Amino acid sequence: MLRCGQMIMSEAMSRLHLGRKWRWKVDCKDPAYWKIISMFQDQKGCLFSIHQIAMMGVTEGKEIGKWFGPNTVAQVLRKLAIYDEWSRLVVHVAMDNTVIVDDISKAVVDTGHVDTEC
């Protein structure tokens, strides 16, 4: 489940920074691509590494080495996303299959991640 969470975050970043039509090529030199890749390397200092996800999971009551369910991974990624000043993604975790638009709007405004051109 940790890798699934990483894939969701990397896809969101790829679409944000590279666009929907972007495709990987063997000789890719795009600095945005390499920055995204560097954020997911399995090293303690990388923001969305397995190490960071596992350590942040402790704040959600999961010991390192224990299985993370979808909600735990989502909560952890929501917390880690706060530290990503480059992408400035806001992760909202819907509870009980309910999305409350006012909660999402408030989260975006409170963090200052508002795109005034939308």
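All figures in this text were calculated on a predicted structure; none of them were measured in a lab.

This next bit is on unusual backbone geometry. Located in the positive-phi region is D96, a residue other than glycine, with phi close to 55°. Inspection of the secondary structure puts D96 in the loop between α4 (70–81) and α5 (101–111). Not every positive phi belongs to a glycine, and N97 is a case in point at roughly 60°. Along the chain, N97 falls in the loop between α4 and α5.

So, on to the packing of aromatic side chains. Considering all chains together, one arrives at three aromatic pairs under this definition. Pairing Y33 with W34 gives two aromatic rings, centres 5.0 Å apart and planes at 75°, and the pair type is edge-to-face. Taking the relative accessible area as the measure of exposure, Y33 reaches 14% and is therefore buried. Residue class for W34 comes out partly exposed when judged on its relative accessible area of 46%. Centroid distance F40 to F48: 5.4 Å. Interplanar angle 20°. Geometry classified as stacked. F48 matches F40 in its accessibility class, with the two residues each being buried. An aromatic cluster of at least three residues, connected via ring pairs, comprises W22, Y33 and W34. Note that K35 overlies the ring of W86, its terminal NZ or CZ placed 5.2 Å from the centroid.

This brings us to a nonpolar patch on the surface. Taken together, the side chains of M55, V58 and I64 define a hydrophobic patch exposed on the protein surface, amounting to about 280 Å² of accessible area. Since its relative accessible area comes to 59%, I64 is described here as exposed.

At a closest axis distance of 9 Å, the pairing of helix α3 (residues 50–57) and α4 adopts a crossing angle of 110°. On the basis of the axis angle, α3 is roughly perpendicular to α4. Contacts from Q52, I53, M56 and G57 in α3 reach V76, L77, K79 and L80 in α4. Of the residues belonging to the contact of α3 with α4, the class tally is five nonpolar, two polar and one charged.

On average, residues of the protein chain score 89 in pLDDT, and 92% of them are at 70 or above. By mean pLDDT, the top-scoring element of the protein chain is helix α2 (residues 31–39) (97), and the lowest-scoring one is α5 (78).

Basis of the calculations
- Just so you know, the residues in each chain are numbered from 1, in the order the chain's sequence is written.
- This being a predicted model, a pLDDT of at least 70 is required before a residue's local features are given, and a value of 80 or more before pairs of side-chain atoms are given or counted; all residues contribute to the totals for chains, interfaces and linings.
- Calculation of side-chain values draws on the structure's entire complement of heavy atoms; hydrogens and water are dropped beforehand.
- Helix and strand assignments come from DSSP, with helices taken as H or I runs of at least 4 residues and strands as E runs of at least 2, each series counted from the N terminus.
- Aromatic rings from Phe, Tyr and Trp, with only the six-membered ring used for Trp, were paired whenever their centres fell within 6.5 Å, and each pair was classed as stacked if the ring planes differed by under 30 degrees, edge-to-face if by over 60, and tilted otherwise.
- Per-residue accessibility, obtained with a 1.4 Å probe over protein chains only, is compared with the maximum for each type, and a residue is labelled buried under 20%, exposed over 50%, and partly exposed between these values.
- Note on geometry: a ring has a charge over it if NZ (lysine) or CZ (arginine) is within 6 Å of the ring centre and within 35 degrees of the ring normal.
- Patch definition: residues above 30% relative accessible area lacking any salt bridge, with like charges linked at up to 9 Å and the nonpolar side chains Val, Leu, Ile, Met, Phe, Trp and Tyr linked at up to 5 Å.
- Working definition of accessibility: Shrake-Rupley area with a 1.4 Å probe, residue cover restricted to the visible protein chains.
- For salt bridges, the criterion is a side-chain nitrogen of Lys or Arg within 4 Å of an Asp or Glu carboxyl oxygen.
- Angular values range over 0 to 180 degrees, each being the angle between N-to-C directions of two axes fitted as lines to C-alpha atoms, with helices fitted over their stretch in contact.
- Our angle categories are set so that under 35 degrees counts as roughly parallel, over 145 as roughly antiparallel, 65 to 115 as roughly perpendicular, and the remainder as oblique.
- Any two residues whose heavy atoms approach within 4.5 Å are treated as being in contact.
- Amino acid classes used here: Ala, Val, Leu, Ile, Met, Phe, Trp, Tyr, Cys and Pro are nonpolar; Asp, Glu, Lys and Arg are charged; the rest, including Gly, are polar.
- What pLDDT expresses is the predictor's confidence in each residue, scored from 0 to 100.

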